[in-house]
Amino acid sequence: MKKTILITGGAGFIGSHVVRLFVQKYPDYLIVNLDKLTYAGNLLNITDIEDSPNYVFEKGDIVDEAYIECLFEKYRFDGIIHLAAESHVDRSISNPNEFIFTNIIGTVNLLNAARKQWKEDFENKLLYFISTDEVYGSLGNEGFFTESTAYSPRSPYSASKASADHLVRAFYHTYKLPVVLSNCSNNYGSYQFPEKLIPLAIHNIKNMKAVPVYGKGENIRDWLYVVDHAKAIDLIFHKGITGETYNIGGNNEWKNIDLIMLLCKLMDKHLNRKDGTSESLITFVKDRAGHDMRYAIDASKIKTELNWEPSLQFEQGLNLTVEWYLNNEPWLDNVTSGAYQSYYEQQYIKR
Ligand code: NAD
Ligand code: DAU
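Let me begin by describing the structure that accompanies this report. (Residues numbered from 1 in each chain as written. Chains lettered and ligands numbered in written order. Predicted model: local features only at pLDDT ≥ 70, side-chain atom pairs only at ≥ 80, totals over all residues. Heavy atoms only, no water.)

### Quick notes on the overall build of the protein chain
Heads up, the rule is: Secondary structure follows DSSP: runs of H or I at least 4 residues long count as helices, runs of E at least 2 residues long count as strands, and numbering of each begins at the N terminus. For a compact globule the rule gives 2.2 Å times the number of residues to the power 0.38, and the radius of gyration it is set against comes from C-alpha atoms. To sort residues, take the accessible area from a 1.4 Å probe on protein chains only and compare it with the maximum for the residue type: under 20% means buried, over 50% means exposed, and anything in between is partly exposed.
Per the secondary structure count, the protein chain includes twelve helices and twelve strands. Since a compact globule built from 351 residues should have a radius of gyration of about 20 Å, the 20 Å found for the protein chain is in line with a globular shape. Seen along its three principal axes, the alpha-carbon backbone of the protein chain occupies a region of about 65 × 50 × 40 Å. Buried residues in the protein chain amount to 55% of all 351 residues.

### Considering the packing of aromatic side chains
Under the convention used in this document: Centres within 6.5 Å make a pair out of two Phe, Tyr or Trp rings, where for Trp the six-membered ring is used; the pair is then stacked when the planes are under 30 degrees apart, edge-to-face when over 60, and tilted otherwise.
Under the defined criterion, the tally for this structure stands at 23 aromatic pairs. Measuring from ring centre to ring centre gives 5.1 Å for Tyr39 and Phe193, while their planes differ by 85°; the resulting arrangement is edge-to-face. Taken together, the positions of Tyr39 in the loop between β2 (29-35) and β3 (55-59) and Phe193 in the loop between β7 (186-188) and α6 (197-206) put the pair 154 residues apart, joining distant regions of the chain. Its relative accessible area of 18% is what places Phe193 among the buried residues. Residues Tyr136 and Phe145 carry aromatic rings whose centres are separated by 5.1 Å and whose planes lie at 35° to one another, so their mutual orientation is tilted.

### Brief notes about the nonpolar core
Quick note on the threshold: In this text, buried Ala, Val, Leu, Ile, Met, Phe, Trp, Tyr and Cys residues form a nonpolar core when linked through side-chain atoms within 4.5 Å. Residue contacts are defined here by distance: any two heavy atoms, one from each residue, within 4.5 Å place the two residues in contact.
Counting residues in hydrophobic clusters, the biggest one holds 72 residues, and the most contacted among them are Ile7, Phe22, Ile81, Tyr128, Ile248 and Ile260. Ranked by residue count, the leading element in this core is helix α8 (residues 256-270), at eight residues. Ignoring anything within four residues of it in the chain, the contact list for Ile260 reads Leu197, Ala201, Val211, Val213 and Ile282.

### Quick notes on the side chain of Arg294
Here is the rule: Two N or O atoms form a polar contact when they lie within 3.5 Å of each other; inside protein one atom must be a possible hydrogen donor and the other a possible acceptor, and for residues adjacent in sequence the pair counts only when both atoms belong to side chains.
With respect to the secondary-structure elements, Arg294 resides in the loop between β12 (282-285) and α9 (300-306). Assessed through its relative accessible area of 5%, Arg294 is described here as buried. In terms of polar contacts, Arg294 uses its side chain to reach the backbone carbonyl oxygen of Gly140, at 2.8 Å. At a separation of 3.1 Å, a polar atom in the side chain of Arg294 contacts the main-chain carbonyl oxygen of Glu142.

So this is what it looks like as structure tokens:
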């Protein structure tokens, strides 16, 4: 194998797309997927590549320092793509602690382990931290987040990611550890856990349940198809400049209520329902505490320097996403019933 790459959080939504891309595109890399399999980790997301000769799954917790040291000893990684995180803002509001452990302590454990293993020999080594646009805070009607926008995180989730960003940069400046970072906007697509807006709405509409819209639905997010994010991660990992940060976005801002209306129209079409059936399910509910008003990414740096741009128009991507969730009912049923959580025992323990 030419390189051994650690991908953390590879059983999650974005991580599973990154693992699939790397396993298929780089047969001469050994891809080690480390995941704790929290409620958000689902090995059913990657059954298509699980038997590939260049792929290994390791169940483990990035917060467990001794375990991480042993894992680094076992594989001697050349590169790390760190996605594992607690990722849902609402959960961080009701229980912040897990976000501090995984997102901050877990990241420091990986930084320490990489530093210990690579010593001063950093040639062809890289730790890539996947972050979020939420670290920049909340925008008004005007302006965009650039790579030099001052940090202003406003939820326990975004504060934990911002903290990790600072630590990753601190290891670069203090110890010269080779790192790169990217801050991306909201992703959508297949295999997303149905606690997040789009898959939750698809699931509820399909089952004729209320679609909860927080506040007046006026908050704005910039949506990116997850496969495009995975391609950007591949590009940054291989061509990004060490020490740099890249913003990744869809150039695709939507008010939540307008997005939900579009989704309702698509769902009526796909389910052969009378126009307006899905729209009648929209229910305005209590707003999220400290709800950030608008996120919008200026992705000109990655476009100019690495020639990356989103490949899909939003309606195209949303249509593909709706089709995927409707055609993959067993996946959605497994997730909503909790059955997916026994797959690890079936696949890895009993055979
Ligand atoms: P996700 O919640 O779907 O997946 C997270 C994965 O991390 C899960 O498989 C989970 O089991 C694993 N994990 C959690 N705690 C762990 C621990 N202590 N040790 C090992 N594994 C652990 O998240 P996602 O939406 O795929 O996001 C992935 C990364 O991308 C996160 O770092 C997130 O902050 C970032 N991000 C997400 C978005 C988005 O729109 N979803 C946008 C920008 C950045
Ligand atoms: O911007 C990147 C971030 O996007 C990532 O870092 C996070 O990991 C990811 O979860 C996402 O955060 P958001 O809070 O923007 O995503 P979520 O899908 O939870 O919500 C999107 C918008 O929809 C937000 O304004 C809140 C609103 N919402 C959400 C849910 C779940 C609703 O109105 N109703 C809902 O039921």
